[in-house]
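Next come the chains, spelled out residue by residue.
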Amino acid sequence: MGKDKIFAERRLRSWWVFAFYLPGESAYARVKVWRRLQDIGAVSFKKALYLLPESPETLEDLEWTLKEVTTAGGQGIVFSASVVEGLSDGELQALFGAAREAQYKELADEIRKTLASLDRSRGRPAAAEMSDQVVQFRERLSAVEAIDFFQANGREQVQALIDSLESRAQESADSAAEPAVIADSNSDLSGRVWVTRANIHVDRMASAWLIRRFIDPAARFKFVTDRNYQPAPGELRFDMYNAEYTHDADRCTFEVLLDLIDKADAALKRIAEIIHDLDLRDHKYQRPEAAGIKAMLDGLAANHERDEDRIERAGLLFEDIYKSFAKSRA
């Protein structure tokens, strides 16, 4: 069979191929370039050529790598190629698979060690520390997934281990918690008019649900635009200037109102952490559910102009979230 016919019948994968040269005295630059090639997922062939599957994104990665080479006084080249003889496309893909599987295995081994250390721990592990570890492991998994071009084995195992660690962190946070106790309905907080700024969003939506659900079941809400609004008899202000209940230091209004509940359970504390991060944007708790809840609240606000409607719809949403968190604890 002639080569023309071979080329006509074969469907060849295209690859970006990168080669570079750095002066001998550029040891630091050489290590820097090598690390960058690792980070973008390139694999080497005989430590001479570096390959990536052809796409606009991988080309951009290599263009930045080439810029680092030239900035360090070296030379490089990026070209497109297809396999004609020698290693097949499948064998080249296997090089990528082996590299990613090794990274997944390394990550899985570290998570197993973390879980084993928790099993050996005599005291109760700190929930915050465990949550930080979950965030770090998820970030590292995402970095490997971004360069896993051919779906290597091992990702699902790492995901399952991270989920297991997250469950342990939640169990640790919930283990000492008691169910929430609604505030005494005969207290001074019963049947009040709760005043807040108009055009409510995250903290005020959540706070309104908390007030009506746990603090003042007969609560009515009033929305004002006057920054210096002075309350009438029977009114309490929240999440506004000089309010009776509003931000305190690094705590959002929802967290301040949570102090009014006799015994706030783990589900409420979990919601408080989410509202804190969404409102203050300091990433203090890094709850994985925060982004999804923000998207739902943004959509709710976009679809309902009236603050009264936002409170009603947000109340249903937070009730579902609360019950979901309470159920997961059980």
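The structure we're discussing is the one just above.
Please read these numbers as outputs of a predicted model, since none were measured by experiment. Going along each chain's sequence as written, the residues are numbered from 1 onward. Local features in this predicted model are restricted to residues of pLDDT 70 or higher, and side-chain atom pairs are both shown and tallied only at a pLDDT of 80 or more, whereas totals for entire chains, interfaces and linings draw on every residue. Processing note: side-chain calculations cover all non-hydrogen atoms of the structure and skip hydrogens and water entirely.

## Some remarks on the overall build of the protein chain
Next up, step 1: Secondary structure elements follow DSSP: runs of H or I of four or more residues count as helices, runs of E of two or more count as strands, with numbering from the N terminus. Helices and strands together make up the secondary structure of the protein chain, namely 11 helices and 7 strands.
Next up, step 2: Contact between two residues is taken to exist if any of their heavy atoms lie within 4.5 Å; hydrogens are not considered. In the protein chain, 73% of the contacts between residues at least 6 apart in sequence involve partners at least 24 apart.
Next up, step 3: In the form shown here, the protein chain has an accessible surface area of approximately 18,600 Å², with 50% of it arising from carbon and sulfur atoms. All accessibility values rest on the Shrake-Rupley procedure with a 1.4 Å probe; residue burial counts only the protein chains present in the view.

## With respect to the sheet that holds strand β1 (residues 14–21)
Next up, step 1: Reading across the sheet, the 4 strands line up as β2-β3-β1-β4 and stay open at both edges, with antiparallel pairing between neighbours. One side of each edge strand has no neighbouring strand; the edge strands of this open sheet are β2 (43–45) and β4 (75–82). With strand direction ignored, the average angle separating the axes of adjacent strands in the sheet is 30°.
Next up, step 2: Pairs of strands are assigned from DSSP output, requiring at least two bridges between the strands. Sheet topology note: the β1/β4 ladder contains 8 bridges and is antiparallel. Bridge pairing links Ala19 to Ile77 in β4. Angles run from 0 to 180 degrees between N-to-C directions of axes, and those axes are lines fitted to C-alpha atoms, restricted for helices to the stretch in contact.

## Considerations on the environment of Ala208
Next up, step 1: Locating Ala208 in the fold gives a position in helix α7 (residues 202–215).
Next up, step 2: Each residue's exposure class comes from its accessible area (1.4 Å probe, protein chains only) as a fraction of the maximum for that residue type: buried when under 20%, exposed when over 50%, partly exposed otherwise. With a relative accessible area of 1%, Ala208 lands in the buried category.
Next up, step 3: Not counting residues within four places of it along the chain, the set of residues in contact with Ala208 comprises Phe221, Phe238 and Ile311.

## Notes on helix α3 (residues 56–71)
Next up, step 1: One less than the residue count of a helix, multiplied by 1.5 Å, gives the span that helix is expected to have. Helix length check: α3 (16 residues) gives 23 Å between terminal C-alpha atoms against 22 Å at 1.5 Å per residue, within 8%.
Next up, step 2: Thr58, Leu62, Thr65 and Val69 are the residues of α3 that are buried. Along the axis of α3, the buried positions cluster into a sector of 60°, meaning they face one direction only. Facing away from the buried side of α3 by over 90 degrees, the exposed positions are Pro56, Glu57 and Thr71.
Next up, step 3: The elements touched by buried residues of α3 are β1, α2 (27–39), β3 (49–53) and β4.
Next up, step 4: The first or second residue beyond α3 is Gly73, which carries a positive phi of 90°. Directions from the helix axis toward the C-beta atoms define the arc.

## Examining the pattern of salt bridges
Next up, step 1: Here a salt bridge means any side-chain nitrogen of Lys or Arg lying within 4 Å of a carboxyl oxygen belonging to Asp or Glu. According to the stated counting rule, one finds 23 salt bridges in the structure shown.
Next up, step 2: For Arg306, the salt bridge is made with Asp309, and the minimal N-O distance between the two is 2.9 Å.
Next up, step 3: Under the relative-accessibility criterion, Asp309 is labelled partly exposed at 28%.

So yeah, pure geometry; function would need other evidence.
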